[in-house]
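Chain by chain, the residues run as shown.
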Amino acid sequence: MSSSDKAEEAAAKPPMRDALVAAAFQLFLERGYEQTTVDDIVALAGVGRRSFFRYFPSKEDVVFPDHERCLADMTAFLAASGDEDEPVRRVCDAARLVLRMYAENPAFSVQRYRLTKQVPGLRAYELSVVWRYERALAAYLRARFAGRPDGTLRADVIAAAVVAAHNNALRSWLRSDGKDDAGAAVDHALGHVQEAFAGPAGPAAERLAGDQEDVVVVVSRRGAPLWRVVQEIETTLARD
């Protein structure tokens, strides 16, 4: 075989990490998750045990191969934020990075969803992953809300709301076998979060309220018509 043929053959083979994931899921479907061992996976992939553990610390990790990368991308995205970025919108955009990871390979995501529902240990593992995403969002918000009344509480509540809204829409998409519009579902869900926390009661409004130093008091007789009260207010403001 010539060197060019060898190069083409190497290029045609999936990277070892992808080959391990593909082998694992093939066996999970054929035998079941609990009945499949790491030795079974490496035998099918044609590699050694050391190669497996170079990429995945455990069998559970092969089910969620991209979460570490996604968490790193989210953390970097939040770290690159500026003071001009509205905090709630920013964490909602960060959550969309997780959706993008799932949407890159709908068939695999649906397959993993079905497997995770069947295996309690994987559900527990998935919850730990979700908690790490939530903590990353909360850490960013805590820094942005530092010094505000209940800043830490607000940060934790918003982070939990973002994760809950995102996961609600994501599960709905997965239950549709990846056929529905995932982006539209997540946008709709996160819209509720932004409406609740970035609207009149949000940080921008808090800053605006903090800038209000003047209080206008108007005294009017009981029973005065509304137009008269409005006129008195306008007159008072005009004098200022």
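Let me begin by describing the structure that accompanies this report. (Residues numbered from 1 in each chain as written. Predicted model: local features only at pLDDT ≥ 70, side-chain atom pairs only at ≥ 80, totals over all residues. Heavy atoms only, no water.)

**Details of the overall build of the chain**
The secondary structure content of the chain amounts to 13 helices and zero strands. Its helices and strands in sequence order give the chain the pattern α-α-α-α-α-α-α-α-α-α-α-α-α, from N to C terminus. Buried positions account for 36% of the 240 residues belonging to the chain. A fraction of 65% describes how many contacts in the chain between residues 6 or more apart in sequence connect residues 24 or more apart. A total accessible area of about 14,300 Å² is found for the chain, and carbon and sulfur atoms account for 53% of it. (Helix = DSSP H or I, 4+ residues; strand = E, 2+ residues; numbered from the N terminus. Buried < 20%, exposed > 50% of the residue type's maximum accessible area, 1.4 Å probe, protein only. Contact = heavy atoms within 4.5 Å. Areas by Shrake-Rupley, 256 points an atom, 1.4 Å probe, with all protein chains shown as cover.)

**Notes on the pattern of salt bridges**
Throughout the structure, instances matching the rule amount to 12 salt bridges. One salt bridge connects D66 with R17, and the closest N-O pair in it is separated by 3.6 Å. With D66 in the loop between α5 (59-63) and α6 (67-79) and R17 in helix α2 (residues 16-31), the pair connects residues that are 49 residues apart, well separated along the chain. Judged by its relative accessible area of 24%, R17 falls in the partly exposed class. Where D156 meets R142, a salt bridge forms, and the shortest distance between an N and an O atom there is 2.8 Å. You can see D156 sitting in helix α10 (residues 151-175) and its partner R142 sitting in helix α9 (residues 120-144), a full 14 residues away along the chain. With relative accessibility at 35%, the residue R142 sits in the partly exposed group. One network of salt bridges, with partners in common, ties together E134, R135, R142 and D156. (Salt bridge = Lys/Arg side-chain N within 4 Å of Asp/Glu carboxyl O.)

**Points about the environment of L141**
Structurally, the position occupied by L141 is in helix α9. In this structure L141 comes out as buried when scored by relative accessible area, which is 0%. Along the chain, L141 and A159 lie 18 residues apart, while their C-alpha atoms are 7.7 Å from each other. Setting aside residues up to four positions removed in sequence, L141 forms contacts with P87, V91, A155, I158 and A159.

Purely spatial values, then, with no claim about function.
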